[in-house]
Structure formats: structure tokens, C-alpha cells
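Structural characterization, general
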Amino acid sequence: MLTELAALLSIGLVRGWGEVVPSWIPVIGGRRVPPMVAVVPAVVGGLLLTAVSVWMTLTWVGVSDRMAYENGWWQALAMVCITPIALWGPIVLALAYAYHVRCRPARG
């Protein structure tokens, strides 16, 4: 459930509801989202996901303890299925930067 929430919040960095709260939400609907309210959690989440990716890579190269698999095929399947997650952290950091650049106040 936590990964689904993180994915939905990441979508908010590129969609309109990440800049203005949808009008159907009571009390705060229609208000502008302060940029740092979105950027700070995105950067923290991106750094945490990047740390997980580094730990995962260290496990694969044998620096850290690895999970025992029945055979090499199961290990290969796990690596193929999990590898795209390693890109999630850097992508969230890039989205947070793009959101920050897009939403910062215009200079004189």
C-alpha cells in the first residue's frame, strides 16, 4: 500500500492536481499547493528509494547478504522483475526538480 501511495503522489508532480488541490476536496479544494509541500516529501522519498536501490545493487554484487533461491533461474527472474524499481528513486528526484523549476516564482 505504501508503494501505491508513493506512486500516486509521484503522479501529482506532473499533473495539475499537484499544483492546485482538486475542487471536490472539502475545505482546501481549489487552493494552490505550496511548492515546498510537494518538493520536500518528493526529495525525501526519492532519496529513500535511491538508498534502497543502492542496497539492492550491493546485495546483487555480493557485498551484502543475499536471499537464498532454489536455483539460479529463480534468482534471475527476481532480478529481472525488481530491476526497474532501481530507477524509481532517481526518477522521483528528477520529477521533484522539474516540479520545483516549474512552480517557483518568476524572477523580475
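Since this is a predicted model, take the numbers as computed values, not measurements.

Basis of the calculations
- Residues numbered from 1 in each chain as written.
- Predicted model: local features only at pLDDT ≥ 70, side-chain atom pairs only at ≥ 80, totals over all residues.
- Heavy atoms only, no water.
- Axes fitted to C-alpha atoms, helices over the stretch in contact; angles between N-to-C directions.
- Helix = DSSP H or I, 4+ residues; strand = E, 2+ residues; numbered from the N terminus.
- Parallel < 35°, antiparallel > 145°, perpendicular 65-115°, else oblique.
- Left-handed = near helix turned anticlockwise from the far one by under 90°.
- Contact = heavy atoms within 4.5 Å.
- Nonpolar A, V, L, I, M, F, W, Y, C, P; charged D, E, K, R; others polar.
- Patch = residues over 30% accessible without salt bridge, like charges linked within 9 Å, V, L, I, M, F, W, Y side chains within 5 Å.
- Areas by Shrake-Rupley, 256 points an atom, 1.4 Å probe, with all protein chains shown as cover.
- Salt bridge = Lys/Arg side-chain N within 4 Å of Asp/Glu carboxyl O.
- Buried < 20%, exposed > 50% of the residue type's maximum accessible area, 1.4 Å probe, protein only.

1. Side note on the packing of helix α2 (residues 35–60) against helix α4 (residues 88–103)
For the pair α2 and α4, the least separation of the axes is 7 Å and the interaxial angle reads 160°. Taken together, α2 and α4 sit at an angle that is classed as roughly antiparallel. Helix-helix and strand crossings are classified by hand; for α2 and α4 the assignment is left-handed. Only Trp88, Gly89, Pro90, Val92, Leu93, Ala96, Tyr99, His100 and Cys103 of α4 make contact with α2, whose side of the interface consists of Pro35, Met36, Ala38, Val39, Ala42, Val43, Gly46, Leu47, Leu49 and Thr50. Along the lines of polarity and charge, the residues of the contact of α2 with α4 split into 15 nonpolar, four polar and no charged.

2. What about the packing of helix α1 (residues 2–11) against α4?
A pair of packed helices is captured by two measures, namely the crossing angle of their axes and the spacing between those axes. Two elements in contact, α1 and α4, have axes separated by 11 Å at closest approach and are oriented at 30°. Classified by the angle their axes make, α1 and α4 are roughly parallel. Judged by the twist between their axes, the crossing of α1 over α4 is left-handed. Taken together, the residues of α4 that come into contact with α1 (itself represented by Thr3, Ala6, Ala7 and Ser10) are Trp88, Val92 and Leu95. Along the lines of polarity and charge, the residues of the contact of α1 with α4 split into five nonpolar, two polar and no charged.

3. Quick word on a nonpolar patch on the surface
Together, Leu8, Ile11, Val14 and Trp17 make up a nonpolar patch on the protein surface, roughly 370 Å² of accessible area in all. Considering the arrangement of structural elements, one finds leucine 8 in helix α1.

4. Points about the pattern of salt bridges
Going through the model one piece at a time under the given rule, you end up with one salt bridge. Across the pair glutamate 19 and arginine 102 runs a salt bridge, and its minimum N-O distance is 2.7 Å. Of this pair, glutamate 19 sits in the loop between α1 and α2 while arginine 102 sits in helix α4, and the two are 83 residues apart along the sequence. Here glutamate 19 falls in the partly exposed class, since its relative accessible area comes to 29%.

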